[in-house]
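Inside the fold
The lines below spell out each chain.
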There are 2 protein chains.
Amino acid sequence: MLPGVGVFGTGKLLEAVVPHLRSLGFRVVALWGQTLEDAGNVAGSLHIDYFTSRIDDVLLHKDVDLVLVLSPPSLQSQIAVKAMGIGKHVVCDRPAGLCQSELLKMVLAAQYYPSLLSVVGYGLRYLPAVRQLRQAVRDGYVGDVRLVEVRVTCGSLLEGAGYSWLCEPAMGGGLLSLIGSGVVDLVSHVIGQRARRVHGTLRTYTRQTRLIAGIRHVGSDDFCTFQMEMDGGALVTVSLNAHLSGLQQEVVVCGDWGHLTVRGADLLGFRAGQHETLHRAAPGEAAAPPLPEAGPQPALHAAGLLRLLAAVAHSFADGEPLTDAASFQDGQYVAAVLEAVRVSAATQAWTQVSLSQIW
Amino acid sequence: MLPGVGVFGTGKLLEAVVPHLRSLGFRVVALWGQTLEDAGNVAGSLHIDYFTSRIDDVLLHKDVDLVLVLSPPSLQSQIAVKAMGIGKHVVCDRPAGLCQSELLKMVLAAQYYPSLLSVVGYGLRYLPAVRQLRQAVRDGYVGDVRLVEVRVTCGSLLEGAGYSWLCEPAMGGGLLSLIGSGVVDLVSHVIGQRARRVHGTLRTYTRQTRLIAGIRHVGSDDFCTFQMEMDGGALVTVSLNAHLSGLQQEVVVCGDWGHLTVRGADLLGFRAGQHETLHRAAPGEAAAPPLPEAGPQPALHAAGLLRLLAAVAHSFADGEPLTDAASFQDGQYVAAVLEAVRVSAATQAWTQVSLSQIW
């Protein structure tokens with residue numbers, strides 16, 4: 001039998017996640033929201049019996065065995081660490097903490113309780129096109145990987161939103177934190193290399209919106225470009241632009257003999273002078289209704305998260321280990337890269353990625 | 001009556017250019033090639049009466065009034081400067097010289113003979129989509145320009161070629177020199193801003209090919225990404241990748257209110273929540289048969305050059321000044337930016353663009 005789930009968060013993402021959890025066979029037994037009113041409203045519309053604004057009340061709930069952390073980033077790490085400390089499985093949405101030290105605490109907790117599930121919600125890994133991309137790279141489709149180019153364009157992450165943590169980089173807001181984190185994880189997962197040095201440029205162009213005005217302003221980045229020199233010799237270049245409309249995501253992996261492209265949820269290949277379609281997404285494969293294309297949790301990313309949750313369900317049902325998911329160590333690596341990109345953007349220099357060690 | 005044309009160069013581009021010049025009403029009276037054999041072969045197949053391997057013989061030819069310099073970059077500047085010195089009009093292919101000081105000599109010559117036509121062959125300016133893009137930016141379609149993203153992907157510039165100047169960055173080879181130069185010119189032309197500082201990364205992944213082997217190797221870049229901080233406040237990010245197949249070129253201009261995209265030879269716009277197609281290229285508009293999609297002179301760029309030559313013809317016929325063309329000063333600016341990108345790639349630091357002054 002699948003464990004009971006306690007969900008942290010009240011965002012729009014829940015409208016896709018909660019029905020999905022139920023369709024997988026999970027019971028959603030408790031909901032936490034930042035205010036009791038928020039929690040009550042969402043619990044009411046999604047028919048969750050128990051709701052609260054106190055973190056411990058969900059964690060200590062006797063029927064909660066799996067904690068799904070979809071809270072704002074500032075709370076993710078402390079919830080995850082506490083949950084593991086009392087023996088609960090954890091799936092934590094990206095970026096899973098505000099800085100590397102928060103992730104490090106999670107890594108420690110996960111090492112202390114190795115029998116518990118500890119996963120960061122980097123769901124892009126689970127999209128069929130990405131799985132096939134990774135397999136093709138491992139099978140040598142392109143030969144040695146030289147170059148990876150990633151380009152994500154979307155509309156404003158703040159569309160229709162008032163002032164919130166999304167506006168503050170220190171609270172986990174911004175393109176680098178919300179979209180870049182998934183890209184950094186994706187690239188390492190696909191090519192099996194990690195960043196040694198990075199160079200980044202961050203910009204905040206939209207400082208006020210119709211809903212964020214007066215003395216308030218947006219500090220989080222809405223454009224970001226960075227390069228990563230990987231430990232296996234590849235160069236990765238990433239461009240994230242929230243000044244366009246609709247989500248478009250493209251990942252190109254170039255090697256000695258050919259190249260592979262994930263465009264949206266399709267996978268295209270080229271080698272020996274021939275183009276071929278390696279995966280054509282089924283209708284709806286890249287979507288997670290009722291989520292919009294853009295916003296802080298774009299539909300493509302949410303679709304990946306739903307697939308990750310399905311893999312979690314299968315893992316519990318079969319007793320098989322969960323392969324391919326991002327561990328907390330993977331999350332710490334991503335946090336280290338994001339920190340290095342921020343330092344690089346501030347100092348305008350190439351910056352070493354420095355992974356904090358456990359004492 | 002249009003002036004007689006002396007053409008420098010024997011590349012594949014001539015197969016498109018020479019018939020085009022004739023269709024415009026020019027007489028092609030003389031051809032220069034690096035060897036007499038090359039010159040003879042091309043002159044024979046294109047029915048040009050006079051051919052030579054001596055530069056002066058074309059320049060001093062009494063029927064040559066317009067010099068079209070399609071030679072390797074190492075010869076471009078000296079041919080252009082000499083031509084102007086003896087009163088001939090000059091259209092010089094990009095990059096129009098190997099370094100800023102070569103361009104500076106051309107600027108001086110052009111200032112000394114202001115009645116002569118002096119144009120760098122940055123033909124992308126003349127593509128209908130680019131003309132409309134520029135006009136839309138000037139009309140305030142996107143508001144203030146914040147961001148420009150340019151991405152060019154193509155196959156190897158060395159496809160099917162043996163060892164030549166294309167393999168040597170010091171001789172004008174490489175993506176930055178051949179494709180990047182046109183991008184730098186295009187962006188400044190479209191948004192009316194110039195680069196102050198740049199940060200660049202250059203890579204050479206393919207060091208040998210089937211035709212370039214043994215002790216020879218390729219030194220010119222086949223991947224390049226750079227950022228430019230513009231004097232009007234915009235940020236420009238450029239990615240050039242010669243590890244894909246077929247030419248794809250995309251220029252996205254983002255502003256306060258919307259964005260404009262040139263994809264290939266189409267122009268797409270977005271503002272006030274609405275997408276619209278502002279220009280749909282006619283069949284063949286982006287092509288210059290018999291040139292291939294990729295190679296050192298991709299068809300899209302060649303198509304622009306042909307349009308530039310048509311504008312030159314009209315200018316001679318009507319006696320109207322040639323507007324919109326890239327002047328030698330524009331060429332010097334581009335050379336200064338390329339130099340700064342190379343310095344940045346070598347020092348791995350943001351680098352000021354420094355425009356040499358005329359004494």
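The present account deals with the structure reproduced in this document.

1. Concerning the sheet that holds strand E15 (residues 351-352) of chain A
All names here are of chain A. Spatially, the nine strands line up as an open sheet ordered E14-E13-E12-E11-E7-E10-E9-E8-E15, and their pairing is mixed. The two strands at the open ends of the sheet, each matched to only one other strand, are strand E14 (274-279) and E15. Summarising the sheet, strand E13 (residues 266-271) and E14 pair through five bridges and their orientation is antiparallel. Bridging from a neighbouring strand, leucine 267 pairs with histidine 279 of E14. Sitting on the sheet, helix H6 (residues 128-138) touches strand E7 (145-153), strand E11 (248-255), strand E12 (258-263), E13 and E14, and the angle it makes with E12 is about 165 degrees. Packing against the sheet, helix H9 (residues 328-347) makes contact with strand E8 (195-203), strand E9 (223-230) and E15, and its axis sits at approximately 55 degrees to E8.

2. Section: unusual backbone geometry
Look at the link from Arg94(A) to Pro95(A): it is a cis peptide, with omega at 0 degrees. Of note, Pro95(A) is situated in the loop between strand E5 (89-92) and helix H5 (100-112).

3. Considering the packing of aromatic side chains
All told, the structure shown has four aromatic pairs over all chains when counted by the stated rule. Ring plane angle 70 degrees and centroid distance 5.2 Å describe the contact between Tyr112(A) and Tyr113(A), whose orientation is recorded as edge-to-face. The exposure class of Tyr112(A) is exposed, given its relative accessible area of 65%. With centroids separated by 5.8 Å and ring planes inclined at 35 degrees, the aromatic side chains of Phe8(B) and Trp32(B) adopt a geometry described as tilted. Of this pair, Phe8(B) sits in strand E1 (residues 4-8) while Trp32(B) is found in strand E2 (residues 27-32), placing the two residues 24 residues apart along the sequence. As far as the burial class goes, Phe8(B) and Trp32(B) line up, both buried.

4. A look at the relation of the copies chain A and chain B
Between chain A and chain B, the superposition needs a rotation of 180 degrees and an axial shift of 0.0 Å, giving an RMSD of 0.0 Å. This pairing of chains is accounted for by a two-fold axis. It is Ala349(A) whose C-alpha, among those of chain A, lies nearest the rotation axis, at 2.9 Å. The share of interface residues of chain A whose copies in chain B are also at the interface is 100%, consistent with both copies meeting through the same surface.

5. Here we look at the pattern of salt bridges
Here the structure, examined in full by the defined rule, presents 34 salt bridges over all chains. Taking the shortest distance from any N to any O, the salt bridge between Glu229(B) and Arg203(A) comes out at 3.1 Å. Taken together, the residues span two chains, with Glu229(B) in strand E9 (residues 223-230) and Arg203(A) in strand E8. Given the relative accessible area of 18%, Glu229(B) is considered buried. Overall, the relative accessible area of 21% leaves Arg203(A) in the partly exposed class. Residues joined by salt bridges that share partners form a network here, namely Arg125(A), Asp185(A), Arg194(A) and Asp330(A).

6. Quick word on the interface of chain A and chain B
Listed by partner, the interface residues are 30 residues for chain A and 30 residues for chain B. For the chain A and chain B pair, buried surface summed over both sides reaches about 3,000 Å², with 49% attributable to carbon and sulfur atoms. It is Arg146(A), Arg151(A) and Tyr205(A) that lose the most area in chain A upon contact with chain B, and together they represent 20% of the buried surface on that side. Run the count over chain A and chain B and you get six salt bridges. At the surface where chain A touches chain B, the tally comes to 21 residue pairs in polar contact (both at pLDDT 80 or more). Residue assignment for the side of chain A that touches chain B shows that the elements contributing at least two residues are E7, E8, E9, strand E10 (235-241) and E11 of chain A. In terms of residues, the side of chain A that touches chain B owes the most to one element, E7(A), which gives five residues. Considering only residue class, the side of chain A that touches chain B consists of nine nonpolar, 14 polar and seven charged.

Parameters at a glance
- Residues numbered from 1 in each chain as written.
- Chains lettered and ligands numbered in written order.
- Predicted model: local features only at pLDDT ≥ 70, side-chain atom pairs only at ≥ 80, totals over all residues.
- Heavy atoms only, no water.
- Pairing = 2+ DSSP bridges.
- Helix = DSSP H or I, 4+ residues; strand = E, 2+ residues; numbered from the N terminus.
- Contact = heavy atoms within 4.5 Å.
- Axes fitted to C-alpha atoms, helices over the stretch in contact; angles between N-to-C directions.
- Phe/Tyr/Trp six-rings, centres within 6.5 Å; stacked < 30°, edge-to-face > 60°.
- Buried < 20%, exposed > 50% of the residue type's maximum accessible area, 1.4 Å probe, protein only.
- Least-squares fit on C-alpha atoms with pLDDT ≥ 70 in both.
- Salt bridge = Lys/Arg side-chain N within 4 Å of Asp/Glu carboxyl O.
- Buried area = accessible area lost by both parts, 1.4 Å probe.
- Polar contact = N/O pair within 3.5 Å; in protein donor to acceptor, adjacent residues only side chain to side chain.
- Nonpolar A, V, L, I, M, F, W, Y, C, P; charged D, E, K, R; others polar.

That is the geometry; function is a separate question.
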